[in-house]
Amino acid sequence: MRKILLSFSFLLGLVLSNGSAHGQGSTPHFSYKIELRSDGYYYATMKSDVAYSASSNQTTISTIQYTLVAPIGTFAPISATSNTMTNLVGGVEDLLPSTNTGNYIWSTQRTALNANEYGYFALTGSPILNNIVAGVEIPLFRFRTQACLGSIRMYRNVADGTGVADTPKLNSANSIYLSGVSGALSDSYKDNYGTATICPTPPLPDLTTSISGPSTGSPNTAYTYTVTINNVGSGASTGSVSESFSIPTGLTFNSGGGSGWICAPSGPVAGPTTIVCTNSAPNIPASGSVNFPLNVTPTTTGGISVSGIVSGGGETNTSNNNATSNTTTVGCGISAGVLSKL
């Protein structure tokens, strides 16, 4: 792939000034598409519904004009007053399957219109393509933006099934001029194909927790809960993660944490109370987990359980953040023996 250094030049002005001549004629043949692919690039393509022959000098391109409609702030900061695209990452990469690379350039310009922004990509020079096959997509170029702010779509020269014609500005249009084709101006724009791009869903963490303790215990004898925090989301956790524990009456918190986890207040603390254990950056990967202990001492008999709520880590789904431990049955501490008659 060939990377083209973009700069708005006088050549672009010449192309855009001819935009009105490149409108829809009686027998238009070229259609245009924009597509956001999984590699993060926007791909510009076109296709013709009729064939053109290189041997008949029908595939030499004089100009291509390609216009996108995007949320304002896509191609330059919202506050920008110039027409320069400053939000492209690494410029534009030419993808035209030409036989004379280097004899043409892609130039760019942008302008704001209400809540939208028009992005203009203009080719000037004389790239020569191999035979243009009817119905076969032709790659034009690709680019990346600093951020995806919303859907990007093709400019509509005329009304179609997706909406009304867009408001012209700076002679905006989609068109191609094949210098070797008689009446080529009428071939320049048939329609747009494909659909508007959709911003990819970023990978997000989703934290859950579980608390596991022994099934039985004895009064005034310490035991340990194992706290596990799972990431069931598609992305790693970010930043601090905390879990808040409700310690019931009859249970004393002794200590907990370790391996980056710090619990407060420090024990021993008799219930009822709340203990919060925090790790400033556990960085739990997707499908990963971390665990740490909570050491407690029961001071009464009966069934005892501890509940917890995990939070933080950059997650947005908080509907599955609660957990309660299994019940630990604390006996009276007297072992049964054999009674002998005296």
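Everything below is about the structure printed above this text.
Rules and cut-offs
Residues numbered from 1 in each chain as written. Predicted model: local features only at pLDDT ≥ 70, side-chain atom pairs only at ≥ 80, totals over all residues. Heavy atoms only, no water. Core = buried A, V, L, I, M, F, W, Y, C linked by side-chain atoms within 4.5 Å. Buried < 20%, exposed > 50% of the residue type's maximum accessible area, 1.4 Å probe, protein only. Helix = DSSP H or I, 4+ residues; strand = E, 2+ residues; numbered from the N terminus. Contact = heavy atoms within 4.5 Å. Phe/Tyr/Trp six-rings, centres within 6.5 Å; stacked < 30°, edge-to-face > 60°. Pairing = 2+ DSSP bridges. Polar contact = N/O pair within 3.5 Å; in protein donor to acceptor, adjacent residues only side chain to side chain.

Q: Help me out: how do you make sense of the nonpolar core in this one?
A: One broad rule of soluble globular proteins: the nonpolar side chains tend to lie buried together. Tyr 66, Leu 68, Trp 106, Phe 121, Leu 140, Phe 141 and Phe 143 are the most contacted members of the largest nonpolar core, which totals 34 residues. For this core, the elements supplying multiple residues, two or more each, are β2 (30-36), β3 (42-48), β4 (61-71), β5 (88-94), β6 (104-113), β7 (116-125), β8 (138-145) and β10 (175-178). If one sorts the elements of this core by residue count, β4 sits on top with 5 residues. Leave out the neighbours within four places in its chain, and Phe 141 touches Tyr 42, Tyr 43, Ala 44, Tyr 66, Val 92, Glu 93, Asp 94, Leu 95, Trp 106 and Phe 121.

Q: Whenever I open this one, the packing of aromatic side chains confuses me. Can you help?
A: Overall, the coordinates contain 17 aromatic pairs when judged by the stated rule. A ring pair is formed by Phe 30 and Tyr 52, whose centres lie 5.7 Å apart and whose planes are at 15°; its orientation type is stacked. Pair noted here: Phe 30 is in strand β2 and Tyr 52 is in the loop between β3 and β4, with a separation of 22 residues, a long-range link. Owing to a relative accessible area of 6%, Tyr 52 belongs among the buried residues under this scheme. Each ring, one from Phe 121 and one from Phe 143, has its centre 5.2 Å from the other, and the planes form 25°; the classification is stacked. With Phe 121 in strand β7 and Phe 143 in strand β8, this pair connects stretches of sequence that are 22 residues apart. The exposure class of Phe 121 is buried, given its relative accessible area of 1%.

Q: Explain the pairing of strand β14 (residues 223-231) here, please?
A: The side chains of a regular strand alternate, residue by residue, between the two faces of the sheet. As paired elements, strand β12 (residues 207-212) and β14 share 6 bridges and run antiparallel to each other. Looking at β14, one finds that Ile 211 is bridged to Val 227.

Q: Explanation requested: the sheet that holds strand β21 (residues 302-304) in the structure shown.
A: Neighbouring strands of a sheet are bound in pairs by backbone hydrogen bonds; such pairs are parallel or else antiparallel. The sheet built from 3 strands is open, its strands ordered β13-β24-β21 with mixed pairing. Looking at strand neighbours, the two that pair on one side only are β13 (216-217) and β21, the edges of this open sheet.

Q: What am I meant to see in the side chain of Thr 111 here?
A: Along the chain, Thr 111 falls in strand β6. With a relative accessible area of 7%, Thr 111 lands in the buried category. Only 3.4 Å separates the side chain of Thr 111 from the side chain of Lys 169, close enough to count as a polar contact.

Q: Is there a simple way to think about the pairing of strand β15 (residues 241-247) in this case?
A: Of all 7 residues making up β15, 5 are buried, and the element is well covered by its neighbours. Sheet topology note: the β15/strand β19 (residues 273-279) ladder contains 7 bridges and is antiparallel. Residue pairing for β19: Phe 245 is matched across the bridge by Ile 275. Pairing of β15 with strand β22 (residues 307-312), which is carried by 6 bridges, proceeds in the antiparallel orientation. Directly across from Ser 246, in β22, lies its bridge partner Ser 307.

Q: In this structure, what is going on with unusual backbone geometry? I would like to understand it.
A: A negative phi angle characterises most non-glycine residues, just as the trans form characterises most peptide bonds. Note the cis peptide between Ala 264 and Pro 265, where omega equals -5°. Relative to the elements of secondary structure, Pro 265 occurs in the loop between β17 (261-264) and β18 (269-270). Here the residue pair Gly 271 and Pro 272 is connected by a cis peptide bond, since its omega of 10° sits within 30 degrees of zero. Checked against the element boundaries, Pro 272 lands in the loop between β18 and β19. Unlike most non-glycine residues, Asn 220 shows phi in positive territory, near 65°. In this fold, Asn 220 is placed in the loop between β13 and β14.

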